[in-house]
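The primary structure of each chain is shown beneath.
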Amino acid sequence: MSLLNFCKNVTKIAALVSLCTVASNANAVIFVTKDKIGGLWEKVYNRNKCVITQKVSDWGKVKFVTEASKEKILKMYLKPTLEFSKNLEISVREESPSWIAGVKDVDIAAIKGYRMFDGYADKEVAWYSLNSLQKGKALSFLYHDSMYYNNDEVKVLVNPIGFKKVYSEYQNCMNNLFDFGFDDIKYISLDFVNKTNELSSYSLEMINKITEFFENEKHLIEFHIQIHTDSIGQEGENKELTDKQRNVLKKVLMDKGFVPRNINIKSVGEEHLAVHDNSDINRRVNRRVLMEIKYVDGTDL
């Protein structure tokens, strides 16, 4: 029996993807994920993001990501190991098994790939792509890149085997995401009670919120913090106060499980007042703690 005839009788999607597609696309450079023990998808599920990733053999990764936010936008990334060498167009297609008669392939969209960057799509295109896999269809991406593939058509196939369960898990993860996102908390202001080293109830509440948000990523987070006070009293005493406040705040963050070396706090004292220190309201403004939260350099999001 010839390979093409064999393909027509195959009922497993894995065989369809790895054999039939190759036989029917002799002029394309084809990359496809083979079935493997433990499943095809790497999964990260927590309350600040949901990520599923399929490693496409010898090509790179296809990743779906939804991050915590009010909108909860689905994003799709194409991450080739050999980054795109030029700006190009990528055709996104839903491909039906050849043994299902009368079902045509569907062109989902044409998306842009940019030199040295990932391919990207979101919202409707990303959802259509995800739903194609959920229906048991292969998801393909087609493009030309003259530097690496002599301008032959490149075809990347995402394998749908076992995806129904993954799809259900992903939806459950999305339903449990926080209704605020990283951008909502990466710049915040805290304060202490008057001119003491006691954090306000608001500040403790915000720290608890940050801790819960990064529950599974505390080792990936770094803090950059400046502590200021007003100019009432002696300059040396004011600097000593913000030194004490720095120690208190660092201990609180360490007790929450954040990595000490990633907690960077500068005690400023009364230098760099934000406003004129001539009223109670203005002095409260000057007694401020400015916090910036970043992911550690090199973190793969």
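Further up the page is the structure itself.
Quick look at the structure, then. No experiment lies behind these values; they were computed from the predicted model shown. In this convention, every chain numbers its residues from 1, walking through the sequence in written order. Totals for whole chains, interfaces and linings use all residues, but because this is a predicted model, local features are given only for residues with pLDDT of at least 70 and pairs of side-chain atoms are given and counted only at 80 or more. Water and hydrogen atoms were dropped before computing side-chain values, which therefore reflect all heavy atoms in the structure.

Regarding the overall build of the chain
Item 1. Regarding its fold elements, the chain presents 9 helices and 14 strands.
Item 2. Burial classes follow relative accessibility: with a 1.4 Å probe on protein chains only, a residue under 20% of its type's maximum area counts as buried, one over 50% as exposed, and anything between as partly exposed. A total of 301 residues make up the chain; the buried ones form 44% of that total.
Item 3. In this description, contact between two residues means that some pair of their heavy atoms is separated by no more than 4.5 Å. Sequence separation of 24 or more characterises 65% of the internal contacts of the chain that already satisfy a separation of 6 or more. Each helix corresponds to a stretch of at least 4 residues labelled H or I by DSSP, and each strand to a stretch of at least 2 residues labelled E; elements are numbered beginning at the N terminus.

Here we look at the state of the cysteines
Put plainly, two cysteines are in a disulfide when a covalent bond ties their sulfur atoms together.
Item 1. Working definition: a disulfide is two cysteine sulfur atoms within 2.5 Å of each other. Tallied over the entire structure, the rule returns 1 disulfide.
Item 2. One disulfide in the model links C50 with C173; its S-S distance is 2.1 Å. Across the disulfide from C50 to C173, rotation about the S-S bond amounts to roughly -95°, and the bridge is consequently left-handed. Of this pair, C50 sits in strand β3 (residues 49–56) while C173 sits in helix α5 (residues 163–175), and the two are 123 residues apart along the sequence.

Things to note about unusual backbone geometry
Item 1. The phi torsion at K123 lies on the positive side, around 50°, for a residue other than glycine.
Item 2. Although it is not a glycine, H272 adopts a positive phi angle of roughly 60°.
Item 3. Among the structural elements, H272 can be located in the loop between β13 (263–269) and α9 (280–286).
Item 4. Residue classification places H272 among the exposed positions, given a relative accessible area of 56%.

A look at the environment of D152
Item 1. By the element assignment, D152 lies in the loop between α4 (146–149) and β10 (153–158).
Item 2. The class of D152 is partly exposed, set by a relative accessible area of 34%.
Item 3. As for D152 and A28, which are separated by 124 residues in sequence, their C-alpha atoms are 6.1 Å apart.

Regarding the side chain of S200
Item 1. Position of S200 relative to the elements: it lies in the loop between β11 (187–190) and α7 (201–213).
Item 2. When its relative accessible area of 11% is taken as the criterion, S200 is described as buried.
Item 3. Not counting residues within four places of it along the chain, the set of residues in contact with S200 comprises D191, F192 and V193.

A short note on the packing of aromatic side chains
Item 1. Pairing of aromatic rings covers Phe, Tyr and the six-membered ring of Trp, with a centre-to-centre limit of 6.5 Å; geometry is then stacked below 30 degrees between planes, edge-to-face above 60, and tilted otherwise. Under the criterion given, the structure shown has 15 aromatic pairs.
Item 2. Taking 5.2 Å as the distance between ring centres and 55° as the angle between the ring planes, the aromatic pair formed by Y77 and Y120 counts as tilted. Of the two residues, Y77 sits in strand β5 (residues 74–80) while Y120 sits in strand β8 (residues 119–122), which places them 43 residues apart along the sequence.
Item 3. The exposure class assigned to Y77 is partly exposed, which follows from its relative accessible area of 23%.

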